[in-house]
Amino acid sequence: MYDVNYFAHNWLIKRALNSALKPKLETLRGSVLDLGCGERPFEQNVQDSGCDYTGVDWSNSLHDTNADIIADLNKPLPFCTNSVNNIICIEVMEHLRQPELLLAESIRVLKPGGRVVISVPFQWWVHEAPWDYFRYTRYGLQHLLETAGFTNVSIAPTTGFWSMWILKLNYQSLRLVRGGFLTKMLIRGFLTPFWFLNQLLCAQLDKVWPEENETAGYVATAQKP
């Protein structure tokens, strides 16, 4: 899973994604393609379920990658039709110029009955620019999956309003960390307790005051017929 650093300004979204994804990854069986694997944070979870893991990513990423297979996800996938049991694609589709192609290719390479697990942002800041193209509502994501031919589509929010809002505030406050090394350390030292406490509070507020239409993103599962 994602490493959760509780001294960070955004630990809450990583914890929320871990909580949303963990039970879904535990149900996977057989082979798993991780499309856009990056540093492979979910490899161990997949292997703990007894699955064969293959990480796929492109070579032009702005973050570290450790892919087994280098491939541009904006193009046809280098896998045979009906060849894998599962596909996971975590926080990747916003970076694709043609997300419809990725979903069409996913249903092609999946075996009948195979599943996808996808997470996407909704109300989230621009990142990894200039390769940041889309944000997805629940309805847009469902439309894309069903148009590609998937069935049994299930979509759930990753956060509520309060977590989404405070994460936006924290990303803005991160811009205050500037200057020389010592100045940055002093500012970060002042902000860290604020970041930790506000995320802790908002995680609880989301439980008592839920709102599914105001979320940082969504997690979806779907199946090939």
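One can find the structure itself at the top, above this paragraph.
Residues numbered from 1 in each chain as written. Predicted model: local features only at pLDDT ≥ 70, side-chain atom pairs only at ≥ 80, totals over all residues. Heavy atoms only, no water.

Draft legend 1. Inspection of the nonpolar core at higher detail. Formed by 30 residues in total, the largest nonpolar core has its most connected members in Leu35, Met93 and Leu145. Secondary structure elements with two or more residues in this core: β1 (31-35), β4 (84-90), α3 (99-109), β5 (110-121), α4 (138-148) and β7 (217-223). Each residue touching Leu35, except ones within four places of it in the same chain, is listed here: Val56, Leu73, Leu77, Ile87, Ile88, Cys89, Ile90, Val92, Leu102 and Ser106. Core analysis: the next-biggest nonpolar cluster, separate from the first, contains 24 residues, Leu28, Val32, Cys51 and Trp124 among them. (Core = buried A, V, L, I, M, F, W, Y, C linked by side-chain atoms within 4.5 Å. Buried < 20%, exposed > 50% of the residue type's maximum accessible area, 1.4 Å probe, protein only. Helix = DSSP H or I, 4+ residues; strand = E, 2+ residues; numbered from the N terminus. Contact = heavy atoms within 4.5 Å.)

Draft legend 2. Quick peek at the sheet that holds β1. As summarised here, the arrangement of the 7 strands in space is β3-β2-β1-β4-β5-β7-β6, forming an open sheet in which the pairing is mixed. Among the strands making up the open sheet, the edge pair consists of β3 (69-70) and β6 (151-157). Here β1 pairs with strand β2 (residues 52-57) via 5 bridges, running parallel. In the strand pairing of β2, Val32 is matched with Tyr53. On the sheet, α4 packs against β5, β6 and β7 and is oriented at approximately 160° with respect to β6. (Pairing = 2+ DSSP bridges. Axes fitted to C-alpha atoms, helices over the stretch in contact; angles between N-to-C directions.)

Draft legend 3. View of the pairing of β1. The element β1 is extensively covered by neighbouring structure, given that 5 of its 5 residues are classed as buried. Alternating residues of β1 divide into Ser31, Leu33 and Leu35 and Val32 and Asp34, and every residue in both groups is buried. Running through helix α2 (residues 43-48), the crossover from β1 to the neighbouring parallel element β2 is right-handed. One ladder, built from 3 bridges, connects β1 with β4; its direction is parallel. By the bridge assignment for β4, Leu33 is matched with Ile87. (Right-handed = clockwise from strand over helix to strand, strands pointing away.)

Draft legend 4. View of the packing of helix α5 (residues 161-174) against helix α6 (residues 181-208). In contact at an axis separation of 8 Å, α5 and α6 are set at 170° when each is read in the N-to-C sense. One element, α5, and the other, α6, form an angle in the roughly antiparallel class. On α6, the residues that touch Phe161, Trp162, Ser163, Ile166, Leu167, Leu169, Asn170, Ser173 and Leu174 of α5 are Arg188, Leu191, Phe194, Trp195, Asn198, Gln199, Cys202, Ala203, Leu205 and Asp206. For the contact of α5 with α6, the residue count by class is 12 nonpolar, 5 polar and 2 charged. (Parallel < 35°, antiparallel > 145°, perpendicular 65-115°, else oblique. Nonpolar A, V, L, I, M, F, W, Y, C, P; charged D, E, K, R; others polar.)

Draft legend 5. A look at the environment of Pro112. Position of Pro112 relative to the elements: it lies in strand β5. For the pair Pro112 and Leu191, spaced 79 residues apart in sequence, the C-alpha to C-alpha distance is 50 Å. Contact partners of Pro112, with chain neighbours within four places excluded, come to Asn82, Lys224 and Pro225.

Geometric descriptors of this kind do not, in isolation, establish any biological role.
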